[in-house]
Amino acid sequence: MKICYGRAEMEHSMKIVLLITLVSLLAQELVHGTPQNKPVGGKRAGKGKAVKAVDNVGQCPKRGKAVPVNANKSLNETQDAALAEINKHRSEYEAPALGPETGLFSNAQKCAEYYAERGIFGDNSCPYSNGAGEVVRGCKGAEQWNVFDYGKKAIEKWMDQAKDFDYSKPSFSDATKCFTQLVWKGSKNFGFGCACKKGNLAAVGLFEPAGNTLTDFVANVVKPINNNTLFNKVNGKYKEKLFTYSQILAFLKEPDGDKHQQWNPRCFGEAKEVYQQEALNLHNFYRAKHLTPAVALNASLNALAIQCANYYVEKGIIDHSCPHKNATITGENLFSSKGSWIAEDFAKIAVDTWYNEGNEYDYDKPVYSKKTGNFTQLVWAYTRELGFGYSKSNDYYVAVALYNPKGNARGHFENNGLSP
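Residues numbered from 1 in each chain as written. Predicted model: local features only at pLDDT ≥ 70, side-chain atom pairs only at ≥ 80, totals over all residues. Heavy atoms only, no water.

Turning next to the overall build of the chain. The number of helices and strands found in the chain is 11 helices and 11 strands. Residues classed as buried in the chain amount to 51% of the 420 residues present. Considering only intrachain contacts with a sequence separation of at least 6, the fraction spanning at least 24 residues in the chain is 74%. Element-wise, carbon and sulfur atoms account for 51% of the exposed surface of the chain, whose accessible area totals about 18900 Å². (Helix = DSSP H or I, 4+ residues; strand = E, 2+ residues; numbered from the N terminus. Buried < 20%, exposed > 50% of the residue type's maximum accessible area, 1.4 Å probe, protein only. Contact = heavy atoms within 4.5 Å. Areas by Shrake-Rupley, 256 points an atom, 1.4 Å probe, with all protein chains shown as cover.)

Shown next as structure tokens:
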């Protein structure tokens, strides 16, 4: 069974949402232009050491009036901003969001202080990296910069290397090694440090597992989202959206009804049960309102969600203790109630209940809250896969949704819960 939003009223509402989206985004691009993916090409090194990537720029560029090193922004703010910025870029290259790792943050800061103390940034000699993938940027003339601004500049410069990466022959290159480590799909955790010593500034990013392994570029560095994908400009930056102009226009021309079942560009994943398809459709209907990418059903997650539902029904309480899921990488939404329902209706009640938590969400202060945690996981932009399970015993019903990658990650809320 492969259907998308089977109900007529849902189709009509979706058309309204997409029509508004299309008009809004077209207006934005008339004013701001479409974000461009620059042509790729350039030198490639046939061999190279994996993981170590250094971008040494010599003298710091002039920035005008001198600013004290720690003015306005603390080191923790600098590190949190770096994590959020890098994950925003990774989402454009279909790479999973990195998790913050306390040990990596500590080691990255030690490396930044090490390089700044020495004033030598290109020898990959930091004794604290411990085999992690490492990107480094350093310069002299630190009186012109504070660490927060320089941390942002370092990430911009590392990402600028993307213009020289050749996707037709993906391989290691000195010219692109910082960029490829930043978007390496296999990396899971991240730490960032930025330091000023003796008039020198250094920024260091550490990644685990390390990227830039010579034989794995095809699987780990992919082309960014296509130029004709809808984007929303937020704080001067473009964010990935779900639908292309041609897909929206084609959909708007269709009458309500069964033809809609063939349209959704992200309608993949076979549902063994009708209630699972109902849950998927409703998830993607709500996610579209927030212009976050659709999720796809995953058969393994479906099976685990059913196991978890059976577990909670037997236990008689939902407490996020299911032993069948991997809590480290999988998000979980739970709903239970007493009564009498058919499975599809109960799935709809569960998803509606989770989404309605959004009425309490403060978009001006995007942080985690127990009151809105199910909602933020449901619309979390970096999540790509869904599993849904249902179980009952007498009049006690339980619904479980599992998400991969998991949402509600510290430091990521600003980029994962757009106001509808």
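From this point, the discussion proceeds with the structure in view.
Opposite charge on two side chains allows them to pair when their charged atoms are near. Tallying each qualifying case throughout the model produces 8 salt bridges. Between Glu156 and Lys153 there is a salt bridge whose closest N-O contact spans 3.4 Å. With Glu156 and Lys153 both in helix 4 (residues 147-160) and 3 residues apart, this pair spans about one turn of that helix. For Glu156, a relative accessible area of 35% corresponds to the partly exposed category. Linking Asp174 and Lys177 is a salt bridge whose minimum nitrogen-to-oxygen distance equals 3.2 Å. Under the relative-accessibility criterion, Asp174 is labelled partly exposed at 49%. (Salt bridge = Lys/Arg side-chain N within 4 Å of Asp/Glu carboxyl O.)

One can find Asn333 in strand 9 (residues 331-338). In this structure Asn333 comes out as buried when scored by relative accessible area, which is 1%. In contact with Asn333, other than residues within four places in its own chain, are Trp354, Gly373, Asn374, Gln377, Leu378, Ala399, Val400, Ala401 and Tyr403.

This next bit is on the state of the cysteines. Under the counting rule described, the total for this entry stands at 2 disulfides. With its sulfur 2.0 Å from that of its partner, Cys111 forms a disulfide with Cys126. Classification of the bridge connecting Cys111 and Cys126 rests on its S-S torsion, roughly -85°, and on that basis the disulfide is left-handed. Of this pair, Cys111 sits in helix 3 (residues 102-118) while Cys126 sits in the loop between helix 3 and strand 3 (133-140), and the two are 15 residues apart along the sequence. Taken individually, Cys111 and Cys126 each receive the classification buried, so the pair is uniform in this respect. Paired through a disulfide, Cys308 and Cys322 show a sulfur-sulfur distance of 2.1 Å. (Disulfide = S-S within 2.5 Å.)

In this section: the packing of helix 8 (residues 274-289) against helix 10 (residues 343-356). Two quantities define a packed helix pair, namely the angle between the axes and the distance from one axis to the other. Interaxial distance between helix 8 and helix 10 falls to 8 Å at its minimum, and their mutual angle equals 25°. As judged from the angle between their axes, helix 8 and helix 10 are roughly parallel. Read as a crossing pair, helix 8 and helix 10 show a hand that is right-handed. Along its contact with helix 8, which presents Val274, Tyr275, Glu278, Ala279, Leu282, His283, Tyr286 and Lys289, the element helix 10 presents Ala343, Glu344, Ala347, Lys348, Val351, Asp352, Trp354 and Tyr355. Grouping the constituent residues of the contact of helix 8 with helix 10 by class yields 10 nonpolar, 1 polar and 5 charged. (Axes fitted to C-alpha atoms, helices over the stretch in contact; angles between N-to-C directions. Parallel < 35°, antiparallel > 145°, perpendicular 65-115°, else oblique. Left-handed = near helix turned anticlockwise from the far one by under 90°. Nonpolar A, V, L, I, M, F, W, Y, C, P; charged D, E, K, R; others polar.)

Turning next to the pairing of strand 4 (residues 189-197). Sheet topology note: the strand 2 (residues 99-100)/strand 4 ladder contains 2 bridges and is parallel. Each residue of the ladder has a partner; that of Gly99, found in strand 4, is Asn189. With antiparallel pairing between neighbouring strands as the criterion, strand 4 and strand 5 (residues 200-208) make up a hairpin whose turn holds 2 residues, including Lys198 at a positive phi of roughly 55°. (Pairing = 2+ DSSP bridges.)

In this section: the sheet that holds strand 11 (residues 396-404). Here 4 strands make up an open sheet; going across it, the order is 8-10-11-9 and the pairing mixed. Only two strands of the sheet have a single neighbouring strand rather than two, namely strand 8 (296-297) and strand 9. Relative to strand 10 (residues 385-393), helix 8 is tilted by about 130°, and along the sheet it contacts strand 8, strand 10 and strand 11. Sitting on the sheet, helix 10 is in contact with strand 9, strand 10 and strand 11, with an inclination near 120° to strand 9.

Right, let's get into unusual backbone geometry. With an omega of -15°, the peptide bond between Glu208 and Pro209 qualifies as cis. Position of Pro209 relative to the elements: it lies in the loop between strand 5 and helix 6 (217-220). Even without glycine at this site, Asn212 takes up a positive phi of about 60°. Mapped onto the secondary structure, Asn212 falls in the loop between strand 5 and helix 6. With phi around 55°, Asn408 is a residue other than glycine that occupies positive phi space. Structurally, the position occupied by Asn408 is in the segment after strand 11.

Here we come to the confidence of the model for the chain. Any region with low pLDDT has predicted coordinates that should not be read closely. Summary statistics for the chain give a mean pLDDT of 75 and a share of 67% for residues scoring 70 or more. Ignoring residues within four places in sequence, the model shows residues 1-11, a span with pLDDT below 50, making 38 contacts including any to other chains. Per-residue pLDDT stays below 50 along residues 28-51; that stretch engages in 56 contacts with residues further than four places along the chain or on separate chains. (pLDDT = per-residue confidence, 0-100.)

Along its 14 residues, helix 10 runs 20 Å from first to last C-alpha, staying within 8% of the 20 Å computed at 1.5 Å per residue. Looking at helix 10, one finds that the buried residues are Ala343, Phe346, Ala347, Ala350, Val351, Asp352, Trp354 and Tyr355. For helix 10, the elements touching its buried residues are helix 8, strand 9, helix 11 (373-378), strand 10 and strand 11. (Expected span 1.5 Å × (residues − 1).)

Along the polypeptide, Gln276 turns up in helix 8. Side-chain polar atoms of Gln276 contact the backbone oxygen of Phe388, separated by 3.0 Å. (Polar contact = N/O pair within 3.5 Å; in protein donor to acceptor, adjacent residues only side chain to side chain.)

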